[in-house]
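Listed below, chain by chain, are the residues.
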Amino acid sequence: MDTRSWLEHFPALREIDDPAGLHALDAAEIVRAPTDTRVFESGQACHNYLLIIDGSIRVQQLSASGREIVLYRVAPGESCVLTTTCLLAHGHYTAEGITETEVLAAAIPAAAFRAALEASDPLRRFVFASYGERLAALLQLVEEIAFERFDSRLARRLLGLAGSETRMTITHQALAVELGSAREVVSRVLKHFSDCGWVRVGRGELEILEPAALQRLAAKSSERPTLER
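Below or above, wherever it landed, is the structure these notes cover. (Residues numbered from 1 in each chain as written. Predicted model: local features only at pLDDT ≥ 70, side-chain atom pairs only at ≥ 80, totals over all residues. Heavy atoms only, no water.)

### Quick word on the overall build of the protein chain
Across its full length, the protein chain carries eight helices and 10 strands. Counting across all 229 residues of the protein chain, residues that qualify as buried make up 42%. For the protein chain, long-range pairs separated by at least 24 residues make up 71% of all intrachain contacts whose partners lie at least 6 apart in sequence. Surface summary for the protein chain: the accessible area is close to 12,000 Å², and the carbon and sulfur share equals 50%. For the protein chain, the distance from the average position of its 25 positive side-chain charges to the average position of its 31 negative side-chain charges is 8 Å. (Helix = DSSP H or I, 4+ residues; strand = E, 2+ residues; numbered from the N terminus. Buried < 20%, exposed > 50% of the residue type's maximum accessible area, 1.4 Å probe, protein only. Contact = heavy atoms within 4.5 Å. Areas by Shrake-Rupley, 256 points an atom, 1.4 Å probe, with all protein chains shown as cover. Lys, Arg positive; Asp, Glu negative; His and termini not counted. Charge placed at Lys NZ, Arg CZ, Asp CG, Glu CD.)

### Some details on the packing of aromatic side chains
On inspection of all chains with the given rule, the structure shows five aromatic pairs. With centroids separated by 5.5 Å and ring planes inclined at 45 degrees, the aromatic side chains of Phe193 and Trp198 adopt a geometry described as tilted. In this structure Phe193 comes out as buried when scored by relative accessible area, which is 0%. Here a set of aromatic residues connected by ring pairs shows up, and it is made of Trp6, Phe10 and Phe126. (Phe/Tyr/Trp six-rings, centres within 6.5 Å; stacked < 30°, edge-to-face > 60°.)

### Thoughts on the sheet that holds strand β3 (residues 48–54)
Read from one edge to the other, the open sheet built from three strands follows the order β1-β7-β3, with strand pairing classed as antiparallel. Of all the strands in the sheet, just β1 (29–33) and β3 have a single pairing partner and so form its edges. Mean inter-strand twist for the sheet, computed between neighbouring axes without regard to direction, equals 35 degrees. Of the strand pairs in this sheet, β3 and strand β7 (residues 103–109) are connected by six bridges, and their pairing is antiparallel. (Pairing = 2+ DSSP bridges. Axes fitted to C-alpha atoms, helices over the stretch in contact; angles between N-to-C directions.)

### Remarks on unusual backbone geometry
The backbone of Asp36 shows a phi angle near 65 degrees, a positive value even though the residue is not glycine. Structurally, the position occupied by Asp36 is in the loop between β1 and β2 (38–40). A relative accessible area of 63% means that Asp36 is categorised as exposed.

### A word on the environment of His9
Structurally, His9 can be placed in the segment before α1 (19–27). Residues His9 and Pro76, spaced 67 residues apart in sequence, show a C-alpha to C-alpha distance of 7.5 Å. Residues within four places of His9 in sequence aside, it is in contact with Ile53 and Gly77.

### Quick word on the sheet that holds strand β10 (residues 205–208)
For sheets, the rule is that strands pair by backbone hydrogen bonds, running either parallel or antiparallel. Ordered in space as β8-β10-β9, the three strands form an open sheet in which the pairing is antiparallel. Each edge of the sheet is formed by a strand with only one pairing partner; in this case those strands are β8 (167–169) and β9 (199–202). When strand polarity is set aside, the average angle formed by the axes of neighbouring strands in this sheet is 15 degrees. Direction of pairing for β9 relative to β10: antiparallel, over a ladder of four bridges.

### Let's talk about the environment of His192
Position of His192 among the secondary structure elements: in helix α7 (residues 183–195). Placed 79 residues apart in sequence, His192 and Phe113 show a C-alpha to C-alpha distance of 50 Å.

### Notes on the layout of surface pockets
Empty space within the largest pocket amounts to approximately 330 Å³. What lines the largest pocket is a set of 13 residues, among which Leu71, Tyr72, Leu141, Glu144 and Arg157 lie closest to the centre. Among the elements of the structure, β5 (68–74), α4 (121–147) and α5 (150–162) are those that each provide at least two residues to the lining of the largest pocket. Taken together, the residues that form the lining of the largest pocket break down as six nonpolar, one polar and six charged. One number sums up the size of the second largest pocket: a volume of about 250 Å³. Val31, Val39, Phe40, Asn48 and Leu50 are, among the 17 residues lining the second largest pocket, the residues nearest its centre. Looking at the lining of the second largest pocket, the elements that each hand over two or more residues are β1, β2, β3 and β7. (1 Å grid on protein atoms, 1.4 Å probe; cavity = no way out; pocket = protein on both sides within 12 Å on 5 of 7 lines; lining within 4 Å. Points joined across faces, edges and corners; volume = space filled by probe spheres on them. Nonpolar A, V, L, I, M, F, W, Y, C, P; charged D, E, K, R; others polar.)

Geometric descriptors of this kind do not, in isolation, establish any biological role.
And the structure:
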């Protein structure tokens, strides 16, 4: 990939014309990571500001009790809010990032990023706009876990993971990680969905039979929970 050609995926960064900002862009290294690579983990120091050009990274956290939850995904054209936090605070990662596909990214060294953040208005606007959007999404996740009924959350996540398809390859444990729940709870609610004729559950796979029914259930998210988390 040619120098700075990756910027076509980040239109806001193409506005940078100050020396510090341009130096940071020139310092970026294009890196690749295969599927299922742990690109960072809890307790690790952050050395680069990552901008995803292609692919997807799943960021997830492990609680003290051993339960995992997916916090968010970093898609093409996005940066990782946890990485930004670590760089701003000179701290360490508190979660892990795993590639879901082969990932192509631009990695700006920490020193160049911090220097540019102080001197470059366009870079600063991009960084904090991305930070604000992701923080709002994380607050919404907290609200969903704390206040929404689990069956509605599961219905919404199934529809989101399926996209335009009706079949997906996914385990009950993977769905539990997606929702920050226990596998047994996911299995129990999926059985209810199956008994209603909304989904067909197989070994490591799931088929949505009645998406409209799941959509109606997902819309009931604010009602009093009737099933366990």
